Amino acid sequence: MNLINKYVQLICIVLFIAVSAVFLSSSIGISSIFPSFEKDTTKTKIVDGNLTESPASVPATEPFPSDSTAVDKASTEKITMDVAPDIQGTIGKNNTVYGKLISCGLSPTQILNLTQAFNKTFDFRAAAPDDRFQIFLAGNNQLKKFIYSPDPLREYVAERNETGGFTVSRHDLIPEKKIEAMEISLESSLSQAILNGGEKQRLVDQFVNIFSWDIDFFLFPRKGDRITVLYEKYFKDDTFIKYGDILAAKYAGENGTFSSFFFDGGYYDEQGHPLRKMFLRLPLKFGVKTSDYSIRRFHPVKKKYKRHNGIDYGAKMGTTIFATANGKVIFSGWKGGYGKTIVLQHPNGYQTYYAHCSKLIAKKGQFVDQGETIAKVGMTGIVTGPHVHYEVRIKGKPVNPSTIKNFKGTPLSPQKLEKFRATVQSRLLLVEEKTRLNSKEEKLVLADTPE
Ligand SMILES: [Zn+2]
């Protein structure tokens, strides 16, 4: 009996010691005792070798870590301090990675080892002034870890291995996606309205692209016209990275109202008809209509009345000209007074002409897609200034490009239409909710302003 009691006592003591040891090690953090045990706990996606985009299946709402050395929120402050870099910065102008690291106090041998390790995944010769780096040193001032970020969503991490060299791995960071909405009135131009709303030109371009089959943004907008747009924005640590898709957009103006919803990889109007049509309205993005289609016009160079078979769009030399519809290049070369010209053959007997170009990109016999770059604006042939003469012919006969019948694509199938209608409803609700939130924020700001 006595023996059993002793035995139980012994077990209790052993258990107590074991529990205490576990408790002690977890409370002070094992990694602070053994720094080499530190595990990279970032929520980054690790990709070896080649370029890969973050997969769409990754939850877009997952916030991304402040940097590759950030640790789990649950970890202690102590650990966070342990993994802060010893030196960090950007490469800077007129500098090389080598020069920068020398100035940080690394030895040429260490840098050479590092460069060799990096060569397989990232070439330091491609370094840019804004590229960021972080240096982590061991006690003896030897490089332990090196992080190189050529852009906010990409990091290369070099860690010293057992052989004394470095192992480099690529980490692609997942940006945080936010959905925002904007409802705004036009004062001067579409561009100005969106920029005034705090967004960038890139969003203006996306908006213009969506409606490029229906709206001529040189002529159409009027003061007081309203635009609504629901769009995705990507951030890393509250820093804007890029725009995602425009999910819904509306243009309500004096000249008409157009809606569009992103669905199944394309844009559809509220009834589910695709916005994509056979012809784009214009062969370029930025330019001004300088001369309209007319059967009798005074020619500025020939000084006599002559019919004008197309529309002229004045634009800067070198502006990109694109195919207004899918087709085959049947002519690419010099065509008398038209100068350097491209002619495309489209279905249903349609042809389009792009004249006075400075450079021809599409070659005869080539098939081009709608929106594909085919030439650059110039002033070859009989002209007074740089512009593109855009002409549409049906079976060889010139027609007015702005009044041609524009064939629509096939609408959604009944099954898809049902899903589409639900999408439209949820997007409209989201726009309403977001824009109401925006105006509430504005009111709050106003209320804070002293009288
Ligand atoms: Zn012309």
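Owing to the predicted nature of the structure, the values given are computational and were not obtained by experimental measurement. All chains use their own residue numbering, which begins from 1 and follows the written sequence. It should be noted that, the model being predicted, local features are given only for residues of pLDDT at least 70 and side-chain atom pairs only at 80 or more, the latter also being counted only at that level, while totals for whole chains, interfaces and linings use all residues.

### Quick word on the overall build of the chain
- Helix and strand counts for the chain stand at 8 helices and 23 strands.
- Here, residues touch in the contact sense if the C-beta positions derived from the backbone fall within 7 Å of one another. Relative to all contacts within the chain whose residues are 6 or more apart in sequence, the contacts with residues 24 or more apart total 61%. Runs of H or I in DSSP of at least four residues are treated as helices and runs of E of at least two as strands, each being numbered from the N terminus.

### Concerning the environment of A323
- For A323, the location among the structural elements is in the loop between strand 16 (320-322) and strand 17 (327-334).
- Counting other C-beta atoms within 10 Å of its own, a residue is labelled buried from 20 upward, exposed at 12 or fewer, and partly exposed in the gap between, with every C-beta atom placed from the backbone. A323 sits in the buried class, given 25 other C-beta atoms within 10 Å.
- Residues A323 and Y354 lie 31 residues apart in sequence; the distance between their C-alpha atoms is 8.7 Å.
- Contact partners of A323, with chain neighbours within four places excluded, come to L344, V368, D369, Q370, G371, E372 and I374.

### Quick notes on the nonpolar core
- Under the definition applied here, buried Ala, Val, Leu, Ile, Met, Phe, Trp, Tyr and Cys residues are grouped into a nonpolar core through C-beta atoms within 7 Å. In this structure, I321, I342, Y354, I374 and V388 are the most contacted members of the largest nonpolar core, which totals 59 residues.
- With 5 residues, the top contributor of residues to this core is strand 19 (residues 350-360).
- Looking at which domains feed residues into this core, each of domain 2 (177-268) and domain 3 (288-399) gives three or more.
- Discounting residues that sit within four places of it in the chain, I321 has contacts with P283, L284, Y354, C357, I374, A375, K376, V377 and V388.
- Residues L101, I111, I147 and F166 belong to the second largest nonpolar core, which totals 15 residues. Delimitation of the domains relies on an automatic or database domain assignment.

### Regarding the sheet that holds strand 11 (residues 266-268)
- Strand order in the open sheet formed by 5 strands is 7-8-9-10-11, with antiparallel pairing between adjacent strands. Sheet topology places strand 7 (176-185) and strand 11 at the edges, where each strand pairs with a single neighbour. Across this sheet, the average inter-strand angle for adjacent strands is 30°, counted without regard to direction. Any two strands between which DSSP finds at least two bridges are classified as paired. Helix axes are fitted only over the stretch in contact, all axes being lines through C-alpha atoms; the angle between N-to-C directions runs from 0 to 180 degrees.

### Looking at the pairing of strand 5 (residues 154-160)
- Across 5 bridges, strand 4 (residues 143-151) lies against strand 5 in antiparallel orientation. Across the sheet, F146 pairs through a bridge with A158, a residue of strand 5.
- Counting the residues that bridge the hairpin from strand 4 to strand 5 gives 2 residues.
- Where strand 5 lies against strand 6 (residues 166-172), 7 bridges are found, and the strand directions are antiparallel. What sits directly across from E155, in strand 6, is H171.
- Hairpin remark: strand 5 followed by strand 6, antiparallel, with 5 residues in the connecting loop; positive phi at G164, about 95°.

### Quick word on helix 7 (residues 201-210)
- Among all positions in helix 7, only L203, F207 and I210 are buried. One face of helix 7 carries all of its buried residues, which in axial projection span an arc of 60°. Exposed and oriented more than 90 degrees from the buried face of helix 7 are Q201 and R202.
- If you follow the buried residues of helix 7, they end up packed against helix 6 (190-196), strand 8 (226-236), strand 9 (239-253), strand 10 (256-263) and strand 11. Arc, as used here, means the arc of the directions from the helix axis to the C-beta atoms.

### Quick look at unusual backbone geometry
- In this model, D264 sits at a positive phi of 55°, which is unusual for a non-glycine residue.
- Following the sequence through the fold, D264 ends up in the loop between strand 10 and strand 11.
- Under the C-beta neighbour-count criterion, D264 is labelled exposed, with 12 such atoms within 10 Å.
- Of note in the backbone geometry, H356 takes a positive phi value of approximately 70° without being a glycine.
- Looking at where H356 falls in the secondary structure, it is placed in strand 19.

### Regarding the confidence of the model for the chain
- Per-residue confidence from the prediction method is given by pLDDT, with values spanning 0 to 100. Here the chain averages 80 in pLDDT, while 78% of its residues score no lower than 70.
- Note that pLDDT drops below 50 for residues 14-82; the model gives that stretch 67 contacts with residues more than four away or on any other chain.
- Note on residues 446-451: pLDDT is under 50 here. Beyond four places in sequence and across chains, it has 0 contacts.

### Focus on the environment of K250
- In this structure, K250 sits in strand 9.
- Sequence-wise, K250 and D269 are 19 residues apart; in three dimensions their C-alpha atoms are separated by 9.5 Å.

### Digging into the pairing of strand 15 (residues 311-314)
- Of the pairings in the sheet, the one linking strand 12 (residues 288-291) to strand 15 comprises 3 bridges and is antiparallel in character. Paired with V288 across the strands is G314, a residue of strand 15.
- Looking at chain direction, strand 15 and strand 22 (residues 387-394) are connected through 4 bridges and run antiparallel. Along strand 22, the bridge assignment pairs G314 with H387.

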